[in-house]
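In case you want the letters, here they are:
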Amino acid sequence: MRLRPLLATVTAALAAATCLTAAAPANAQRGNACSPSVSIEGFSDALDKTTYEGTFVGNFSALAVDRDGRIAAVSDRSALFTLDRKTLRPASVVPLADESGAALDSEGLAVDRDGTRLVASETEPSIRRYARDGRILDRLPVPDALKVAPAGRATANQTFEGLTFLPGRRTLLAGMEGSLAGDTTGIVRFQTWERQRGHFALDAQYGYRTDTGLNVSETTATPDGRFLVLERGFTAGVGNTVRLYLADLRRATDTSGIDTLTGQSGVRLVRKTLLADLVNCPSLGAQAKQPQPNPLLDNIEGLAVTGGGGHGRLNLLLVSDDNQNPVQITRFYSLRVRL
């Protein structure tokens, strides 16, 4: 499996995932700049429409860095892959299921300090802890309001889409993809859990406003306690919109006791700062299989911080979910960000 030469910086970043190395400023290579804060270093379509041990490689909806630096990648068709940190080739795959053996719609992934995997499924929604072999270890509580109607106020396929540990791995954060019934369209909920004696208890909740027409597709913590948010949308005949934001919970209001969020006074939403609209990245020779405003773009859903060099510089790995669709692509992207 040959990777494009432009992916060299991806593999270098992955190799350094557990030993952070210094990176140049994000816009040091002006030809690769997506914005003053973000540059693209390369991409790879090498895994597109491939199989591994009889399992389709694709449908990737989330990424996380494992303890050994390898990449954990979850498919929304109930498969959990481990990818080689240098080549991105699959090294293992295990099936995932709920307690009754039914398939999941897996959209979020985080790796705990002991190597267990926390996987968010947007069906109910739910968050379960899995062993490396796919055994269910535990299930986290979910607020009633965040459950899919009629059990709650969430819309099907608009629930937990992002999952990440904040620094220290004591707090887990999940991002809802869409708004609850009764909340203003575009204001979504971020739920947190706090580790308590080996289990996770419900903690604060926050409101976050997405851009018009976009939804949350991923949340990933940064080392300084903030987190990255991918907002994504799709328009038939036009293509995808994908924007990368830096979000900050500090001074945001705990909305767990607020029934409806309408942008009312006294409720401070999560602050966000645009880092880049990926339509502005150079295409690097990428080709699209359907109309796109930039042929580099596709349905990007997964994001992981793979390294950095201090001073707010981070290496990111992103992946698109091809939905096992012939006109979509499983594509990995390497970005550099300066916060």
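Worth saying up front: this structure is predicted, and the values here are computed from it rather than measured.

Calculation notes
- Residues numbered from 1 in each chain as written.
- Predicted model: local features only at pLDDT ≥ 70, side-chain atom pairs only at ≥ 80, totals over all residues.
- Heavy atoms only, no water.
- Pairing = 2+ DSSP bridges.
- Helix = DSSP H or I, 4+ residues; strand = E, 2+ residues; numbered from the N terminus.
- Axes fitted to C-alpha atoms, helices over the stretch in contact; angles between N-to-C directions.
- Core = buried A, V, L, I, M, F, W, Y, C linked by side-chain atoms within 4.5 Å.
- Buried < 20%, exposed > 50% of the residue type's maximum accessible area, 1.4 Å probe, protein only.
- Contact = heavy atoms within 4.5 Å.
- Salt bridge = Lys/Arg side-chain N within 4 Å of Asp/Glu carboxyl O.

Peer 1: Looking at this structure, how should I read the sheet that holds strand E11 (residues 136-139)?
Peer 2: Two modes of strand pairing occur in sheets, parallel and antiparallel, and in both the strands are linked by backbone hydrogen bonds. Pairing in this open sheet of four strands is antiparallel, and the strands run E8-E9-E10-E11 from one edge to the other. What marks the edges here is a single partner per strand, and that holds for strand E8 (106-111) and E11. In this sheet, adjacent strand axes meet at a mean angle of 25 degrees when their direction is disregarded. Examined bridge by bridge, strand E9 (residues 117-121) and strand E10 (residues 126-130) share five bridges and lie antiparallel to one another. Along E10, the bridge assignment pairs Ser121 with Ser126.

Peer 1: Mind showing me how you'd approach the nonpolar core here?
Peer 2: The tendency in soluble globular proteins is for nonpolar side chains to be buried side by side. Val38, Ile40, Leu244, Leu278, Leu316 and Leu318 are the most contacted members of the largest nonpolar core, which totals 25 residues. Put simply, the parts of the chain that give this core at least two residues each are strand E1 (38-44), strand E17 (227-235), strand E18 (239-248), strand E19 (271-277), strand E20 (300-310), strand E21 (313-320) and strand E22 (332-338). Contacts of Leu316, omitting those with residues within four sequence positions, involve Leu228, Leu244, Leu303, Ala304, Val305, Thr306, Tyr333, Ser334, Leu335 and Val337.

Peer 1: Would you mind going over the pattern of salt bridges with me for this structure?
Peer 2: Pairing is possible between side chains of opposite charge, provided their charged atoms come close. One pass over the full model with this rule turns up 28 salt bridges. Asp322 is the salt-bridge partner of Lys49, the closest N and O atoms lying 2.9 Å from each other. Here Lys49, found in the loop between E1 and strand E2 (50-52), pairs with Asp322, found in the loop between E21 and E22; they are 273 residues apart in sequence, far enough to count as distant. Accessibility expressed as a relative area gives 0% for Asp322, which makes it buried. A salt bridge links Asp224 to Arg226, with the nearest nitrogen and oxygen atoms 2.7 Å apart. Exposure remark for Arg226: the relative accessible area of 21% places this residue in the partly exposed category. Each member of the salt-bridge network shares a partner with another, and the members are Asp211, Glu231, Arg243, Lys272 and Asp277.

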